[in-house]
Amino acid sequence: GLAWLAEHGEVQMRTRIGLRYVNRLVDEACTTPQDWKGRVQEWLLGPVIAGPWADRVEQAHQQLHLRNDDATSTVLRHGPFRDAAARNSFSYLLDLDVFDASTEPFSHDATFELLTQLNRTAATLFRGALTHEYLDHLGFTVEATTEATGETP
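The structure reproduced in this document is the subject of the present report. Everything numeric here is computed off the predicted structure, so don't read it as measured data.

### Observations regarding the packing of aromatic side chains
And step 1. Inspection of every chain in the model, using the stated rule, returns three aromatic pairs.
And step 2. With a centroid separation of 5.7 Å and 90 degrees between ring planes, the pair formed by Trp 36 and Tyr 134 is classed as edge-to-face. Residue Trp 36 is located in the loop between β1 (13–25) and α2 (42–45), and its partner Tyr 134 is located in helix α4 (residues 132–138); the two are separated by 98 residues in the primary sequence.
And step 3. Residue classification places Tyr 134 among the buried residues on the basis of a relative accessible area of 5%.
And step 4. Here the aromatic rings of Phe 126 and Phe 140 are separated by 5.5 Å at their centres, their planes lie at 45 degrees, and the arrangement is tilted. Here the residue Phe 126 occupies a position in helix α3 (residues 108–129), and Phe 140 occupies one in the segment after α4, the gap between them amounting to 14 residues.
And step 5. Residue classification places Phe 140 among the partly exposed residues on the basis of a relative accessible area of 37%.
And step 6. Put simply, the rings of Trp 36, Tyr 92 and Tyr 134 touch in pairs and so form one group of aromatic residues.

### Let's talk about the sheet that holds β1
And step 1. Pairing is antiparallel across the open sheet formed by four strands, whose spatial order is β1-β4-β3-β2. At either end of the open sheet lies a strand with only one pairing partner, and these are β1 and β2 (62–67). Strand-to-strand, the axes of this sheet are offset by a mean angle of 15 degrees, without reference to chain direction.
And step 2. Sheet topology note: the β2/strand β3 (residues 73–83) ladder contains six bridges and is antiparallel. Within the sheet, the bridge partner assigned to Gln 62 lies in β3 and is His 78.

Parameters at a glance
Residues numbered from 1 in each chain as written. Predicted model: local features only at pLDDT ≥ 70, side-chain atom pairs only at ≥ 80, totals over all residues. Heavy atoms only, no water. Phe/Tyr/Trp six-rings, centres within 6.5 Å; stacked < 30°, edge-to-face > 60°. Helix = DSSP H or I, 4+ residues; strand = E, 2+ residues; numbered from the N terminus. Buried < 20%, exposed > 50% of the residue type's maximum accessible area, 1.4 Å probe, protein only. Pairing = 2+ DSSP bridges. Axes fitted to C-alpha atoms, helices over the stretch in contact; angles between N-to-C directions.

Structure (structure tokens):
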């Protein structure tokens, strides 16, 4: 795609380049939103698991706009929801939109490098949103330190 675009597309500039990963985490054992505790980082779950209304939460959606270390941005939409496609259990949405909104002259190499960095950022944030135990359950290799949280297991 990028090579063809560089050769035939007559593209001069690029603006708002990004990658979006919409993850629907399904676990039919999650019969309440609170069952995602131990799977998703507690600091992300917030009022779903703590506070006076925690036992009343039927679904929760939050959107965070994050400034990444490399001057790119991420919009993270997340939360538990009743999933009719999973026997009405509660699935978890982890929607990552990583992007660079700057306008730059188009370059195949620079664009490829930026997309590679955005992909790494998305993977780091995905791993940082979930607990080490749940990542292990999903088959991800758990590293000694996660870049997204700075925590050690």
